[in-house]
Amino acid sequence: MRLDKFLSQQLGISRSLVARELRAGNITVDDEIVKSGSFQVTPDKEVAFDGNVLVQVTGPRYFMLHKPQGYICSTDDPTHPTILFFIEEPVAQKLHSAGRLDIDTTGLVLLTDDGQWSHRITSPKHHCVKTYRVQLSEDITTEAIAQLEQGVMLNGEKTATKPAQVEIISPKEVLLTISEGRYHQVKRMFAAVGNHVCGLHRERVGGIWLDADLEPGEYRPLTEEEINSIIVPR
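Calculation notes
- Residues numbered from 1 in each chain as written.
- Predicted model: local features only at pLDDT ≥ 70, side-chain atom pairs only at ≥ 80, totals over all residues.
- Heavy atoms only, no water.
- Core = buried A, V, L, I, M, F, W, Y, C linked by side-chain atoms within 4.5 Å.
- Buried < 20%, exposed > 50% of the residue type's maximum accessible area, 1.4 Å probe, protein only.
- Helix = DSSP H or I, 4+ residues; strand = E, 2+ residues; numbered from the N terminus.
- Domains from an automatic or database assignment.
- Contact = heavy atoms within 4.5 Å.
- Phe/Tyr/Trp six-rings, centres within 6.5 Å; stacked < 30°, edge-to-face > 60°.
- Arc of directions from axis to C-beta.
- Pairing = 2+ DSSP bridges.

Points about the nonpolar core
Ranked by internal contacts, the top residues of the largest apolar core, which has 33 residues, are Val134, Ile140, Leu148, Leu176, Val186, Met189 and Phe190. Elements with a contribution of two residues or more to this core: strand 5 (62-67), strand 7 (106-112), strand 8 (130-136), helix 4 (142-150), strand 10 (173-178), helix 5 (185-192) and strand 11 (197-205). When residues of this core are sorted by domain, at least three fall in each of domain 2 (62-124 + 207-229) and domain 3 (130-205). When sequence neighbours within four positions are dropped, the list of residues in contact with Met189 reads Leu148, Val152, Leu154, Thr161, Ala164, Leu176 and Ile178.

Some words on the packing of aromatic side chains
With the rule as written, the count across this model stands at five aromatic pairs. Plain terms: the ring middles of Phe63 and Tyr219 are 5.6 Å apart, the flat faces sit at 80 degrees to each other, and that makes the pair edge-to-face. Separated by 156 residues along the polypeptide, Phe63 in strand 5 and Tyr219 in strand 13 (residues 219-221) bring together distant segments of the chain. The class for Phe63 is buried, based on a relative accessible area of 4%. Pairing Phe85 with Phe86 gives two aromatic rings, centres 5.2 Å apart and planes at 85 degrees, and the pair type is edge-to-face. With relative accessibility at 59%, the residue Phe85 sits in the exposed group. According to the relative accessible area criterion, Phe86 is buried, its value standing at 15%.

Comments concerning unusual backbone geometry
Of note in the backbone geometry, Asp30 takes a positive phi value of approximately 50 degrees without being a glycine. On the secondary structure map, Asp30 appears in the loop between strand 1 (27-29) and strand 2 (32-33). Of note, the phi angle at His184 is positive, near 50 degrees, even though the residue is not glycine. One can find His184 in the loop between strand 10 and helix 5.

Quick word on the side chain of Gln10
Residue position: Gln10 is located in helix 1 (residues 3-11). If we skip the residues at most four places from it in the chain, Gln10 touches Leu54, Val55, Gln56 and Val91.

Section: helix 2 (residues 15-23)
In an α-helix there are 3.6 residues to a turn, and that puts residues three or four apart on one side. Those residues of helix 2 that fall on the buried side of the exposure criterion are Val18, Glu21 and Leu22. Along the axis of helix 2, the buried positions cluster into a sector of 100 degrees, meaning they face one direction only. Looking at helix 2, the residues exposed on the side facing more than 90 degrees away from the buried face are Ser16 and Arg23. Taken from the residues just after helix 2, Gly25 is the one with a positive phi, measuring 75 degrees.

Structural notes on the domain arrangement of the protein chain
Domain annotation of the protein chain identifies domain 1 (3-54), domain 2 (62-124 + 207-229) and domain 3 (130-205). Once you take the C-alpha centre of each, domain 1 and domain 3 turn out to be 51 Å apart.

Focus on the sheet that holds strand 4 (residues 52-54)
Strand order in the open sheet formed by four strands is 2-1-3-4, with antiparallel pairing between adjacent strands. If you trace the sheet from one side to the other, it starts and ends with strand 2 and strand 4, each paired once. With three bridges joining them, strand 1 and strand 3 (residues 47-49) adopt antiparallel strand pairing. Bridge pairing in strand 3 places Thr28 opposite Ala48.

In structure tokens:
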């Protein structure tokens, strides 16, 4: 990779600002000042900016985050804090969420820079299951459970939802497993059966469950087993 492109990604600045830093002699490669942006950076090279070594990212990365309320899953937003606030990794801005949660929804968010892997999660044709812990304003009825498990019509939609799985935790708390990702789907599903979602927490995506040891705002890398549970055709 060209040095100026590498620096632009690592420092999050434009190529023109990178060129200025190069001209100022603020960039070293293996302790030697380099001023040419066309210099080729290889994994064995140690690149430093103003004496601080920049970590080269090699290969795709995969993380799980316990998302708290008040943060959005976009990587850049002018008005709301984003989940990248919690991610202390090199070139964190290159990561994206594989399936988003609303600002008021908590729980499991998967982050990666592997677009093919995340597409396997988000593409409707793959029917990746997600499990949510849902807090309700009213006791859930047996009629509502039957409707959810059969599929319900959402306001403004032309087709019913796919059958969901419902596990009762208490009269006002359920685990709901769905295999779609329609806009505000869980909230709209319960509205369609005459109830209201007061709290929403995602616990599972595919075969990956939120680590119980992660506090809100904490994250960790996925294990190989977790990564491979999202099967990507090669």
